[in-house]
Structure formats: C-alpha cells, structure tokens
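Architecture and fold: a report
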Protein chains: 2
Amino acid sequence: MTSEQAPAQSPVESPLPLSKYSKRVTIDSISGRPDGGPGLIGRRVVVGGWVKSSREFKMEAAAPPPAAGGPKDISCVEVLQTKLPFFRSIIKVFGGEQRIRDKIDSIIPKPPQPSISILEIGDGSCVSSLQVVVDSALAWPAQVMPNGTCILVEGAFQKPSLPDRKQKHTIELKADKLLHLGTVDHDRYPLSKKRLPLELLRDSAHFRPRTTTVASVVRIRNGLTQAAFAFFRENGFLHVQTPVTTVTDASGGARESLLHMEATLPDGVKAETIRASIKEKSKKIEELKRSGSNKEALAAAVQDLKKTTELAELVEGEQRRTRTYLSASGRLHLESHASALGNVCSFGPRFRACSPESRKVLAEIWMVEIEVAFSELKDSMQCAMDFLKSICRWIMQSSVEDLKFMAKRVDKHVVDRLQLIAEGPFEKITYTEAVKVLKQAKNERTIEWGAPLSEEHESVLAEEIYKKPVIVYNHPKELKPFNARCNDDGETCAAFDVIVPKVGTVIRGSQSEERLNMLSGRIKELGLEKKQYEWYLDLRRHGAVKCSGFSFAFDTFVLYATGLNDVRDATPFPRSIGQPNN
Amino acid sequence: MTSEQAPAQSPVESPLPLSKYSKRVTIDSISGRPDGGPGLIGRRVVVGGWVKSSREFKMEAAAPPPAAGGPKDISCVEVLQTKLPFFRSIIKVFGGEQRIRDKIDSIIPKPPQPSISILEIGDGSCVSSLQVVVDSALAWPAQVMPNGTCILVEGAFQKPSLPDRKQKHTIELKADKLLHLGTVDHDRYPLSKKRLPLELLRDSAHFRPRTTTVASVVRIRNGLTQAAFAFFRENGFLHVQTPVTTVTDASGGARESLLHMEATLPDGVKAETIRASIKEKSKKIEELKRSGSNKEALAAAVQDLKKTTELAELVEGEQRRTRTYLSASGRLHLESHASALGNVCSFGPRFRACSPESRKVLAEIWMVEIEVAFSELKDSMQCAMDFLKSICRWIMQSSVEDLKFMAKRVDKHVVDRLQLIAEGPFEKITYTEAVKVLKQAKNERTIEWGAPLSEEHESVLAEEIYKKPVIVYNHPKELKPFNARCNDDGETCAAFDVIVPKVGTVIRGSQSEERLNMLSGRIKELGLEKKQYEWYLDLRRHGAVKCSGFSFAFDTFVLYATGLNDVRDATPFPRSIGQPNN
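Residue positions within a chain follow its written sequence, with the count starting from 1. Following the order in which they are written, the chains are lettered starting with A and the ligands numbered starting with 1. In view of the model being predicted, local features appear only for residues whose pLDDT reaches at least 70, and side-chain atom pairs are presented and counted only at 80 or more, with totals across whole chains, interfaces and linings using the full set of residues. As a convention, hydrogens and water are excluded, and side-chain values are obtained from all of the structure's heavy atoms.

The next subject is the overall build of chain A. Each helix is a run of DSSP H or I of at least 4 residues and each strand a run of E of at least 2, with the numbering of both proceeding from the N terminus. When helices and strands are counted, chain A shows 19 helices and 16 strands. Note on contacts: a residue pair is in contact if any heavy atoms of the two residues lie within 4.5 Å. When contacts within chain A are restricted to residue pairs at least 6 apart in sequence, long-range pairs at least 24 apart make up 72% of them. Residue-level accessible areas treat just the shown protein chains as cover; the underlying method is Shrake-Rupley with a 1.4 Å probe. Counting every atom, chain A has about 24,900 Å² of accessible surface; 52% of that belongs to carbon and sulfur.

Next comes the structure, spelled out in structure tokens:
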C-alpha cells in the first residue's frame, strides 16, 4: 500500500524535527510552536495519523477520477484490495491488475462530483489535531473520511482554504501524495461514533487510545512513570526487578494474594495420568482376585501398583512444590537488597484477588515500591510525602495540555487536586486519633477502634474534615501485614496509609520488624507457614538493619491525576479475575 | 536496639550530603571526593553498613568492660538479648534488667584484654569500603567483627591510627557512638567466608548483594535501567504497562509460552466437585436399574444426572475461559497503542517455559519492548542499534567504578566490549547471507537454509567472522512469530536478530504484517486459535498502520555488560520453572 520512495523531507527545507524512526513530523511539533503554525506556511512535510473527524466540501466543476488522476505510488486496485475482499478474489481469478482495472472502473460507482475531504487527524503526540485536506483526485472521500482511517501523506502547509464556521485552525496541510492508507470498515468499527462513553470503550481496549481522552490518559500515565523514575534517580534509589512468581506470600496475614500460577512442566509426567493408571491397576487386581488366578500374578500386580502409587506421591509432591504465587508485593524481596545496598526501588506488576467490581483496584496493578535501610517509620512517611509531591509537580509541568483537556472534558478540579499535594501540607494523625475524629464528626459512618477504615471513612477524613492528604499511622497490628514493626504498646504497629481526596489510600507503608523473636512470634500468632518466610527471617538472623518503605498504587493514582472515576479507564489492559479478553 | 536520639549530623558541621531518608552519610560521598577523604579529617558523621572484613588490634593496658564504659544508648542487656536467647529467658524469669545485670556480668566471660576492632564496612553505595575503628569499650570484637554484621555508628574522621601493611585507606572513622548493631550468627551465616564462588551464592539470593561483585552487578543493572528510560524519554516513547496475564499467546507459532496461571475464583464452584457428584449420581442410577425400582424414580434420576452434566460442562467451559497465559511478549499489546500514539515502549517481566539449564535465559525475564508506528523493518533495526549504543555509552559514563571492578574481578574485556557496541559499526546481513558465510567458514558447525542459527553459529558470526555486533534479518518465515511481515519472495519475513559477542541474540525484532489477508493466512497455516487473535486482527481491519519494533532481553544483556557467564548471577531473584525458593 505504501510507496517505497523516501518522503521528501529534509532538515534544510524545514526546521521541524522528524519523529524518531518513522520519517514523519509529529503534530505536537507543529501545534507546539510559539506561533501555533502559521510560520510553517509553504513548508513541505510528511504527516501520519488517524482521522478523528471529517467533512466533505463539494466542488462545482468535474474532475478526473482517482484511478487516472491519482499519484502513481498508490494504485486504485491496492486500495480496493483493502476495502473490498470481493474484488480481491476477482483480481485473483483474472490473474492481473492491469487487465482488471478497466473492469473495476466500470463497476465501482464513481463519486458523483469532485470534492475535497477535510480531515482532522491525530497522531497521539498531543491533544491537538491537524487539518489535512485531500482532493478527491488523490483519494475518494469514502476511503479517507471514516473516523479511525489511518493515513500518511506528504504535502505543504497553507492557510485554511475552505470556509469553516469553527475557525479552529490557523494552518492546514494540503496533501499531494498519499503514502499509506489504512481504511476502516465503518459499520464494524466500534469507534465509528464520536464521543462514546468510557464504559463502552472498555470493550475496545485495543482501539480506545485513538480517542482524545484515553490518549491523554496514556500520556499522563507516561508522565507519572517518568516522574517516578526521576524521583528514584535524584534520591539515589537503585532499581531492583523483584520477581512476579514467588513462593512467598508477601501479604502475610492479609491473605489477599490468592492468585497462583502453575508451570506446565515440559515433558513432565502428570499426576493425573498416574492416578488414572492407579485406578486401572487397582481394577485389574480386583479382577485377578475375583478370577482366582495364581498368587504370583496377583503379587506382581500388587507390587506394580505399589510402585505406581509411590511415583504418584512423588510427582504430586513435585507439583505442589512448583505451585507458586503471583506476587502481591515486592517489598519483602526489596528488603533483602536494602539490607545490603541502602535505598532500593521497584516498579512492576503486582497481583491481588480483588473483587471484579472494584473501581479502584484490579487483579493486576502496577506498583512503585521503595525500601530504605537505616530508616524508621517517620523516614518512610517523609519519603512518601516527597514522592507524591515530586510526581505531582512533574506532571503539572510536563502534561499541561493533557491536564487542561482532562479539566475541560472529565473533571474541572484535576489541576487543583494536583496542586493540593504538590504545594500543600499533609495531615498526620495516628489511627487512634482518626477513630476519635471520625466519631466526633457527626455523621452515621461511625467506627470502633480495631476496625479497618472503610472507603467512606477515608473520604470523610480527606475530603470533609481535613480537606487535604492525610497520613494515618500506627494502626492496630491486626490490620497490617505480619512484618510491620510492633510498637511498644503491644497493640499497634509502625505502619501508615496515605489517604488522598477522591481515591482514598494510594500508599501503604511500614517499618519492618527487625527483631527476630518479635517477627517469629507474629508468624506463629497468625498461623503463617513459617517455612516460606525462612529466607526473610534470615535477614534478622544476620546483620539485621532497620528498614522502612512503602507501596504506591500507580494505577489508582492515575485516577487522582486524570479525574477519572474507574481504574478500568485508567489502565491500558485492565485485568479482573478471569476476565482478560486480549 | 537503636537509640531514639537523633544523630548529631548537621549541614553546618559537615559538607557531606546526607543519604535520603536515613540520616547517614553514604560511603560514595566520602570515597568519591576529589581528595579521596583526607579533607574530612575532624568532621563528625553517622555512617552505616555491613562488615566486609575485619581485624583486631590488641592493646597492652586494661580497659573497663563495655557494660560499664559503653555509651548509654545501647545497653549490654539489649545486645545480649539479640545475641543470646538463653539470657533473654533468664531476664524474663527474673523480671527486670537492673537486677540481672550484675548476674550476667559475672557469667559472661569478659574479653581477655582491651582491643580495637578495625572494620571494613560497605553500604552498597559504591565499590569502596570505609575503615571504621571501634574500641572494645564501645562494643566487643566478637559482636562487631563477624562478616555481615550491620552497624550504624557516629564518630569523627581521623588519619589511620593503627599499623596497616596494605595502607589502603587515607582516612578512617573513629566510632564513639554505636547507634545500631545487627549481629551475625557466624556459624550459620552463609557468607561468613570471603570470596565465595558465584555458584554457591545462588542459594543465598537474599544475602548475595552484600558481596562486592553482586552489589556491582545490581548497580550496573540500575545503570542499564536508567539508560533505557533515558533513551525512551529522549526519543519520545510513551510508556505503556502491558499486561502479564493474557489470553493471547504472543509467541504465536513459536509455542514458547507454556506458562499459564489459574485464578482461584472466590466462592467459585469447582468442576471437580461437580464431576464427583456426576459419578455418584451415575452409580445411583446403576443401582436403581439393578434393584429394578420403579421407572419414575429412574427417569427422575436420569433427568437429574443430565442437568448436572450440563452444569459441569458450563463450569468447565468457564474455567477454560479463565485459564490465562503469563505473557511471553508485550509487543502485540503495544502495537494497539502504537496504532494510535506513535512511539510506545514497555519495560516489564516476560515469561517463557525455557530449560532450567539455560545460562542465558530464565522462565521470568525482564524485557524492554519498543513499537513504532509508520515504520518498517529498517527503521526498527536502526532503533535497535541506537538503543544499544545509547545504553552502552550511558553505563560507560555512569558506572566507571563498577565496570573497573568487574574488569578486575570477573572479565578484563568488559569495557572493550561495551566500547565495541557504543562506538563501532554493526554488520548487517540477511539470513541467507549468514547461512552462506557460515558454510564458507571452514568449521564443523554447518547449517542448512531453513534451520535456526544455533548459539554456536551466533558465536562464529559475532566473535570469529565479523568480530562485532551482527544484525541478521529476513529469516525464513517458519523461524519467526506468526505476525512477522511476509516478504515478497514468499519464503522470508521482515524480522531481525541482533547478535552480540559473548551472549548471542539480545534483540529480536520485526515489522508486523499489516495486511489482513496475509495475517489471517498465517494464523490459519500455523493452526493457531484464531479467536484469541481477533482483537489483533481488528487492528488491520480498521485504520491499519505499518509498525515495527523489537524485544530486548534485559537480563541477558546484563551478562554482556558485567562479563558474567550465567544469567542466574545477573538477576536478583532468578526463576527457572518450578524452582523459586523465595
């Protein structure tokens, strides 16, 4: 479909930077210019993107049809092959393009009159789109106008040439070469209609980045990713890629990590096969007994069954051994590296068997995790605050256009909310104070000491009472993982949650229990399988250090930064249990 | 174990930057000074780390025992509690610390004579260690001298005060406050001996970052991670977190992705339970038949069995649906975002059912993946070269000390090899040329057209024939995933491998097949389940774009950058199938 000819773009001709590895100019380098574009009039460029909206301008005079008048590097037949499977088969039957061209020209209805397609195209580089005009002599309106059509065109910038009530654009690109065309089957394309609600877009995770909203969300996610990495770099955190598959249930007492995986052993003997064999052999023995056959045959069969049973036990043992969890947290593993290297961090997928109905978490969620050696609870609370402030400041600087768009389209408070974290103070209260304050607040959402804070309680604290981010610390130890350090009161532990308005808890942190006897005691108290924590206990047996750190729910925070309400709209491929469809 | 008192470190007193979130000075900020340290003499700091080696210097005169003469913020009893579980129980029985102290003093053998422990401590911030001297009045040699002991001390820098044949240090820290002590059970600590071979360290993944070599490897990994992110940022790649759990087998024809996971459905009905019920019901029917009971009861039982059987089928179908893969590649998912946003990238864990014996790959491996819209094979080959050059240049600048150490301890060619990629040209040959060249090379490792290049072939190409990185492209389509674009010859496809000396293939890339009919044809030819690729085919049905990209085996490349020979030594928590132990 595409010309092999190199596009006529050269640095001398145009000051626009080429997109890396695709020899085209991206739209952000046009719309992002101080003059907004007009300075480019007359320049030639190659631009590619997907049609976001279009209109047709019909002309009076007749013009030659595309097959004759179009550029040589894209033939009518090639376009037809994409558009009309029926014609593809005809072409095959007739065996050649030239022979069939006249025939097709006589079958396909020609556009009634020459016209110009006026396309708004986006390439994902920014919110803005570029207006591209395509003469029907270059491509038929029916080919290029449907939303979602992909085009790569070469042309020159000019002043908008056709009447436009909205007067959105100061320049447009007049295409004179069509380098690539990816058509759309309008009736089957799920994004044919404009402004579909986000709920409907969820069924089309593979297409929805083509919408302006989801594209902005992806760019804001990218900004948050870069922001996190900048924080790590500036504060001397070493990246450690912690494992997804693990035998250590990092949630400890919380028992949230119900996802496990099974390795299909290549060429491995299956316990099921052996069990089936055992049944058969048992049956055979029964038959032998019934038929009263000789004792030797019976003894041999019994011996054979015994061996098989032993094998089955072995294989089943092996398979149990290979049953591993998908990690719910990388913090235990990180701690081993902090206990040698100081400040360490990780950014990767974590897994929870959460409710498929949750709007704030998913079964698979990305987390930033940080662990600091020679540090205590107050240090990791400070680190958590600095981290949040740092990433909010970063995206307020890096994602101005996208935030503006989200404020306009999704949630007008989105920038204020980032500002609240970036510049304002955090409230710091103990769990016990939080319970007291919630009881005093005259509302029906009461809470007794020892119960977890519900989403509603979190919302009352951060949105109604303090109206800012709230750090709640020193929770009852029963509410936190087994390894949170026990406080001297014997009832609470050195853990904290950072609760922000709108989405609730985005960070959970703690100081780890470095005292071997205390940690062993907790493992016993909670009835956890001690064996899987032996390596972790080892860190206390030899060269123990005080460590603290936290987990940051990346995908949940995207809701805070974008104003969206459902994490399924904020995650590229959201996974609930048993629900992936791609 | 630790004093609650804040360490006496202040910016006015010392120009040394404090480690973030742990109120201590890191060793790299001491050893990294232009003067190497002496300018710090007289300054007071807090330093923490783990003992890497130690010696004792015995003094003539007698000194008071630590319990009396030590600092007030760490009591003898506290140290005993850590060291001697037996005394802990005594203390409990007697009910108080003061009452028991005299008793302990009379039981515990005192050090025969006063001495000074001279410790080399490392904190993971750099290769260098710091010499810390601890008087026996502060802590007994037996407590602080074992390798692996963790200490946090406050003190002042001074000129090395004791005779040292090696004269390695120009300054040392004289400790006068012990803020934290994490002792080692010398007999059980797996790293008690110095310079253990890497193979032995594999059993102690949680301790091995305390060795100088593995710590350097972690820092070089960190450098490579930062380098990759810098490349993404500079070249406008948007981060997309692709899913780990997926129903799409991204390896397509390659069938490498044998790892699957099972979600434990909360409250879900298990097919096994129902199957057991079916058996029972069948038995009941047999009994009813045998006993000759009334026809109505039999008909009811048969009807009941039928219903249960239907339910079983439903449930089993449901469970099949929830059986998902652990993703072998994120490129298919990335392509959906490239087909809207242009340049996208991903960095995350990928899974293969590889041999547990492999020295170059693991079941769980981190990959950098890149996908570029409006690009063809040659573009992604260029991108792959630029990426490799960029990350090699980065770590040559950022990891000077670590590379020097690896060159000294592991592989003297490690910097030359990075230089080879960073500055030299790459050889680019087609697969067909590679086969020809390998045949001409007079050695026994012959190859016929159509066969995959073995590790030996790769080594001959990159190390013997070309002596530089080699890009082999246009492979027979049978050797590459289903979605590599078919070339016009009908036999090869637009794919490439980047082969480097020492480790072989580190990048696999391709241009995706954007033609719907061609892609559907390949899926049919290879007998793949079309259903799971429908969403991917959709990208061709609507607004298709030419895409190309690659996967970079991060962990394998760490071998290239460190000179190590086994990926299990280069990965924090290496996972082979069924083998995780933490």
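The discussion continues.
All right, on to the sheet that holds strand β3 (residues 130–135) of chain A then. Residues and elements named next belong to chain A. Paired strands, in this sense, are two strands between which DSSP finds at least two bridges. The five strands are arranged β1-β2-β3-β5-β4 in a closed barrel whose pairing can be described as mixed. For this sheet the average axis-to-axis angle between neighbouring strands, irrespective of direction, equals 55°. Direction of pairing for strand β4 (residues 150–158) relative to strand β5 (residues 172–182): antiparallel, over a ladder of nine bridges. Within β5, the residue paired with Gln-158 across the bridge is Glu-172. What counts as an axis is a line fitted to C-alpha atoms, over the stretch in contact for a helix, and the angles between N-to-C directions run from 0 to 180 degrees.

What follows deals with a negative patch on the surface. The patch calculation keeps residues exceeding 30% relative accessible area without a salt bridge and links them within 9 Å when they carry like charges or within 5 Å when they are nonpolar (Val, Leu, Ile, Met, Phe, Trp, Tyr). Any Lys or Arg side-chain nitrogen found within 4 Å of a carboxyl oxygen on Asp or Glu counts as a salt bridge. When charges are counted, Lys and Arg are positive and Asp and Glu negative, with His and the chain ends excluded. Just so you know, the charge point we use is NZ for Lys, CZ for Arg, CG for Asp and CD for Glu. On the surface, a cluster of negative charge is contributed by Glu-478, Asp-488, Asp-489 and Glu-491 of chain A. Only protein chains enter the accessibility calculation, which uses a 1.4 Å probe; a residue whose area is less than 20% of its type maximum is buried, one above 50% is exposed, and one in between is partly exposed. Its relative accessible area of 58% is what places Glu-478 of chain A among the exposed residues.

Turning our eyes to something else, we now look at the interface of chain A and chain B. Tallying the contact residues gives 113 residues for chain A and 112 residues for chain B. Defined here as a combined quantity, buried area equals the accessible surface (1.4 Å probe) lost by two parts on assembly, summed across both. For the pairing of chain A and chain B, the buried interface totals around 9,700 Å² over both sides, and the portion due to carbon and sulfur atoms is 60%. Among the residues chain A hides against chain B, the three largest losses belong to Tyr-21, Gln-241 and Phe-374 of chain A. Together they make up 10% of the total. At the junction of chain A and chain B, the tally comes to two salt bridges. Measuring nitrogen to oxygen at the nearest pair gives 2.5 Å for the salt bridge that ties Lys-23 of chain B to Asp-379 of chain A. In protein, a polar contact means a hydrogen-donor-capable atom and an acceptor-capable atom, both N or O and within 3.5 Å, with residues adjacent in sequence counting only if both atoms are side-chain atoms; elsewhere, any N or O pair within 3.5 Å suffices. For the interface between chain A and chain B, the tally reads 35 residue pairs in polar contact (both at pLDDT 80 or more). Here the side of chain A that touches chain B takes 10 residues from helix α8 (residues 212–234) of chain A, the largest share from any one element. A breakdown of the residues in the side of chain A that touches chain B according to their chemical character gives 47 nonpolar, 41 polar and 25 charged. Only Asp, Glu, Lys and Arg are considered charged in this grouping, and only Ala, Val, Leu, Ile, Met, Phe, Trp, Tyr, Cys and Pro are considered nonpolar; every other residue, Gly among them, is considered polar.

Each pair of packed helices gets described by two things: the angle between the helix axes and the distance between those axes. Residue and element names in this part refer to chain A. At a minimum axis separation of 9 Å, α8 and helix α12 (residues 377–398) run at an interaxial angle of 130°. The angle between α8 and α12 places the two elements in the oblique class. Regarding α8 and α12, the two cross each other, and that crossing is right-handed. Residues Ile-220, Gly-223, Leu-224, Gln-226, Ala-227, Ala-228, Ala-230, Phe-231 and Phe-232 of α8 pack against Cys-383, Asp-386, Phe-387, Ser-390, Ile-391, Trp-394, Ile-395 and Ser-398 of α12. For the contact of α8 with α12, the class distribution of residues is 12 nonpolar, four polar and one charged. Angles are sorted into four bins: roughly parallel if under 35 degrees, roughly antiparallel if over 145, roughly perpendicular if 65 to 115, and oblique for all others. Here a crossing is called left-handed whenever its near helix is offset anticlockwise from the far helix by less than a right angle, and right-handed whenever the offset is clockwise.

With that out of the way, let us pick up the sheet that holds strand β14 (residues 495–500) of chain A. Residues and elements named next belong to chain A. The eight strands are arranged β6-β10-β11-β16-β15-β14-β13-β12 in an open sheet whose pairing can be described as mixed. Both edges of this open sheet fall to β6 (238–239) and β12 (427–430), since each of them pairs with a single strand only. Bridge count between β14 and strand β15 (residues 504–511): six bridges; the pairing is antiparallel. When the sheet's bridge partners are listed, Ala-495 is paired in β15 with Ser-510. Here helix α11 (residues 331–341) sits on the sheet in contact with β6, β10 (343–351), β11 (364–373), β15 and β16 (547–553), set at roughly 25° to β11. Relative to the sheet, helix α16 (residues 455–465) contacts β12, β13 (470–473), β14 and β15, its axis offset from that of β14 by approximately 65°.

In plain terms, two cysteine sulfur atoms within 2.5 Å form what is called a disulfide here. One pass over the structure, following the stated rule, counts zero disulfides over all chains. Cysteine Cys-547 of chain A shares no disulfide, and the gap to the nearest cysteine sulfur, in Cys-150 of chain B, comes to 8.8 Å. Free of any disulfide, Cys-345 of chain B has its nearest neighbouring cysteine sulfur in Cys-383 of chain B, separated by 9.9 Å. Note on Cys-345 of chain B: relative accessible area 0%, which makes it buried.

Let's shift gears to the relation of the copies chain A and chain B. When the copies are superposed, the least-squares fit draws on C-alpha atoms of residues that have pLDDT of at least 70 in both. Overlaying chain A on chain B yields an RMSD of 0.5 Å, the required transformation being a rotation through 180° with an accompanying axial translation of 0.1 Å. Such a combination of rotation and displacement between the chain copies is what one expects of a two-fold axis. Of the interface residues in chain A, 98% have counterparts in chain B that sit at the interface too, so the contact is made through matching surfaces.

This part is about the packing of aromatic side chains. Residues and elements named next belong to chain A. By convention, a stacked pair of Phe, Tyr or Trp rings (six-membered ring in the case of Trp) has centres within 6.5 Å and planes under 30 degrees apart, an edge-to-face pair has planes over 60 apart, and any other such pair is tilted. Counting across every chain of the model gives 37 aromatic pairs over all chains. Measuring from centroid to centroid gives 6.1 Å for Phe-231 and Phe-237, while their planes differ by 25°, and the two rings are stacked. What makes Phe-231 buried here is its relative accessible area of 3%. Seen from their ring centres, Trp-535 and Tyr-536 are 5.9 Å apart, and the 70° between their planes marks the pair as edge-to-face.

Residue and element names in this part refer to chain A. Burial of β10 is extensive: nine of the nine residues sit out of reach of the surface. Alignment of β6 against β10, held across two bridges, turns out to be parallel. Bridge pairing in β10 places Leu-238 opposite Val-344. Inspection of the sheet shows β10 paired to β11 by nine bridges, in the antiparallel sense.

Now for helix α15 (residues 431–440) of chain A. Residues and elements named next belong to chain A. Listing the buried residues of α15 in full gives Tyr-431, Ala-434, Val-435, Val-437 and Leu-438. Buried residues along α15 cover an arc of 165° about the axis, so they all sit on one side. Seen from the buried face of α15, the exposed residues on the opposite side, beyond 90 degrees, are Lys-436 and Gln-440. Buried residues in α15 make contact with β12, α16 and β13. Read the arc as the range of directions from the helix axis to the C-beta atoms.

In this section: a positive patch on the surface. Residue and element names in this part refer to chain A. On the surface, Arg-165, Lys-166, Lys-194, Arg-195, Lys-404, Lys-408 and Arg-409 cluster together into a patch of positive charge. Mapped onto the fold, Lys-404 is located in helix α13 (residues 400–409). You can call Lys-404 exposed: its relative accessible area is 64%.

Residue and element names in this part refer to chain B. Two strands pair when backbone bridges link them, and strand β1 (residues 44–58) and strand β4 (residues 150–158) are joined in this way by seven bridges, in the antiparallel orientation. Looking at β4, one finds that Trp-50 is bridged to Cys-150. Pairing geometry for β1 and strand β2 (residues 115–122), over eight bridges, is antiparallel. By the bridge assignment, Ser-53 is partnered in β2 with Glu-120.

Counting across every chain of the model gives 61 salt bridges over all chains. Glu-376 of chain B serves as the salt-bridge partner of Lys-378 of chain B, at 3.8 Å between the closest nitrogen and oxygen. Note on Lys-378 of chain B: relative accessible area 46%, which makes it partly exposed. What emerges from the salt-bridge pattern is a single network uniting Arg-202, Arg-359, Asp-566, Arg-568 and Asp-569 of chain A.

On to unusual backbone geometry, then. All names here are of chain A. Positioned with a positive phi, Lys-23 is a non-glycine residue whose angle comes to about 45°. Tracing the sequence through the fold places Lys-23 in the segment before α1 (28–31). A residue is classified by how much of its surface remains accessible, and Lys-23, at 37% relative accessible area, is partly exposed.

Any functional reading would require information beyond the geometric quantities listed.
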